[in-house]
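Analysis of the macromolecular model
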Amino acid sequence: MTGAPASAAGGTGRPAPGGKLGAAAVNQASLWNIANILTMVRLLLVPGFVVLMLMDGGHDPVWRAWAWAAFAVAMITDVFDGHLARTYNLVTDFGKIADPIADKAIMAAGLICLSALGDLPWWVTGVILFRELGITLMRFWVIRHGVIPASRGGKLKTLAQGTAVGMYVLVLTGPLATLRWWVMAVAVVLTVVTGLDYVRQAVMLRRKGLAAERSAARDRAGSSR
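Since we're looking at a predicted model, the values are computed, not measured.

1. Overview of the overall build of the protein
On a plain count of helices and strands, the protein comes out with 7 helices and 0 strands. Moving toward the C terminus, one meets the helices and strands of the protein in the order α-α-α-α-α-α-α. The buried share of the protein, reckoned over its 225 residues, is 38%. Considering only contacts in the protein between residues 6 or more positions apart, those separated by 24 or more positions represent 76%. Entry remark: accessible area of the protein is about 13100 Å², with carbon and sulfur atoms responsible for 71%.

2. Notes on the packing of aromatic side chains
This structure, assessed with the given rule, holds 2 aromatic pairs. For the pair F49 and F71, a centre-to-centre distance of 5.8 Å together with 45° between the ring planes defines the contact as tilted. Placement of F49 in helix α2 (residues 34-54) and of F71 in helix α3 (residues 61-87) is noted, with a sequence separation of 22 residues between them. Overall, the relative accessible area of 2% leaves F71 in the buried class. Between W181 and W182, the ring centres sit 4.9 Å apart and the planes meet at 85°, which makes this aromatic pair edge-to-face. The class for W181 is partly exposed, based on a relative accessible area of 48%.

3. So, the packing of helix α6 (residues 152-169) against helix α7 (residues 175-223)
α7 packs onto α6 with a crossing angle of 150° between their chain directions and a minimal axis gap of 8 Å. When the axis of α6 is compared with that of α7, the two are roughly antiparallel. For the crossing formed where α6 meets α7, the hand is left-handed. The segment α6 lies against α7, with G153, G154, L156, K157, A160, Q161, T163, A164, V165, M167 and Y168 engaging L176, L179, R180, W181, V183, M184, A187, L190, T191, T194 and Y198. The class makeup of the residues in the contact of α6 with α7 is 14 nonpolar, 6 polar and 2 charged.

4. Some points on helix α4 (residues 93-116)
Between its first and last C-alpha atoms α4 spans 34 Å; for 24 residues at 1.5 Å apiece the expected length is 34 Å, and the two agree. Just downstream of α4, G118 is the residue with a positive phi angle, here 80°.

5. A short note on the packing of α2 against α3
Two measures define how a pair of helices packs: the angle their axes make with one another and the distance between the axes. Two elements in contact, α2 and α3, have axes whose closest approach is 9 Å; the angle formed by their N-to-C orientations is 160°. With respect to α3, the element α2 is oriented roughly antiparallel. Here α2 and α3 pass one another in a crossing that is left-handed.

6. Concerning the side chain of R131
Its location among the elements puts R131 in helix α5 (residues 122-141). A polar side-chain atom of R131 sits 3.3 Å from the main-chain carbonyl oxygen of T191. Sequence-distant contacts of R131, that is, excluding residues within four places in its chain, are made with K157, T191, T194, G195 and Y198.

7. Quick notes on a nonpolar patch on the surface
Side chains of W32, I34, I37 and V41 sit close together on the surface and give an oily, nonpolar patch of about 360 Å² of accessible area. Following the sequence through the fold, I34 ends up in helix α2.

8. Points about the confidence of the model for the protein
Considering every residue of the protein, the mean pLDDT works out to 81; 84% of them sit at 70 or more. When pLDDT is averaged over each element of the protein, α6 comes out on top at 92 and helix α1 (residues 20-31) at the bottom at 45. Overall, residues 1-29 carries pLDDT values under 50, and its contacts beyond four positions in sequence, including any with other chains, amount to 37 contacts.

9. Here we look at the nonpolar core
Formed by 31 residues in total, the largest nonpolar core has its most connected members in F49, M53, F71, I106, L120, V165 and M184. Counting residues in each nonpolar core, the second largest holds 6 residues, with I135, V142, Y198 and A202 among its members.

10. A few points about the pattern of salt bridges
Under the counting rule described, the total for this entry stands at 6 salt bridges. The salt bridge involving D78 is made with R42; its shortest N-O contact spans 3.6 Å. Within this pair, whereas D78 is found in helix α3, its partner R42 is found in helix α2, the two being separated by 36 residues in sequence. No difference in accessibility class separates D78 from R42, as the two residues are buried. R64 serves as the salt-bridge partner of D119, at 2.9 Å between the closest nitrogen and oxygen. Of this pair, D119 sits in the loop between α4 and α5 while R64 is found in helix α3, placing the two residues 55 residues apart along the sequence. Assessed through its relative accessible area of 2%, R64 is described here as buried. Several salt bridges share partner residues, and in doing so they unite R42, D78 and D103 into one network.

Definitions and cut-offs
- Residues numbered from 1 in each chain as written.
- Predicted model: local features only at pLDDT ≥ 70, side-chain atom pairs only at ≥ 80, totals over all residues.
- Heavy atoms only, no water.
- Helix = DSSP H or I, 4+ residues; strand = E, 2+ residues; numbered from the N terminus.
- Buried < 20%, exposed > 50% of the residue type's maximum accessible area, 1.4 Å probe, protein only.
- Contact = heavy atoms within 4.5 Å.
- Areas by Shrake-Rupley, 256 points an atom, 1.4 Å probe, with all protein chains shown as cover.
- Phe/Tyr/Trp six-rings, centres within 6.5 Å; stacked < 30°, edge-to-face > 60°.
- Axes fitted to C-alpha atoms, helices over the stretch in contact; angles between N-to-C directions.
- Parallel < 35°, antiparallel > 145°, perpendicular 65-115°, else oblique.
- Left-handed = near helix turned anticlockwise from the far one by under 90°.
- Nonpolar A, V, L, I, M, F, W, Y, C, P; charged D, E, K, R; others polar.
- Expected span 1.5 Å × (residues − 1).
- Polar contact = N/O pair within 3.5 Å; in protein donor to acceptor, adjacent residues only side chain to side chain.
- Patch = residues over 30% accessible without salt bridge, like charges linked within 9 Å, V, L, I, M, F, W, Y side chains within 5 Å.
- Salt bridge = Lys/Arg side-chain N within 4 Å of Asp/Glu carboxyl O.
- pLDDT = per-residue confidence, 0-100.
- Core = buried A, V, L, I, M, F, W, Y, C linked by side-chain atoms within 4.5 Å.

Structure follows, in structure tokens:
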């Protein structure tokens, strides 16, 4: 999530000698900023989280608590790296690619581990992962026509998913176990509703884009006569 000037990335701000070599040095330095480092940490936490989840058969409360800690750190860094990248202009191509991969990787790891351990129905995992993968592909489908912005519902969906999965990672009993079921139900509903809304936005955006392209083609054909 980077793309800051040399001074923001820890450089001196002075032009580097050597033309292309100087530009490459600046780009290399800008990659190693706090936003990208947090994204990398989140990626590294994924295999660690899976190992902790599956230790001693996957149902030991202590190991599950450690797994929850790793999951919580990953979700927190997701909030901070995006905020830092936008606030301090630390947006890079690496961040644009790695950040959504890290987000989906930790969530997918949590859902798949929970379903594999029998703590969460596979259909819940399937619905959430199908939605996340489908929306990601849909964004690429309409990317030449424009960008579908993150909605408030989408942010609430992410919060609900993270909270629900985190509660399922912990070994909870009694009222808390009942509460986490309801939180997951809310997360699934938000997942489906916001997914349908993204589909609607994507279709409208593509239609507008195609209409604009046809209009531009007619204008060019008219001017060439």
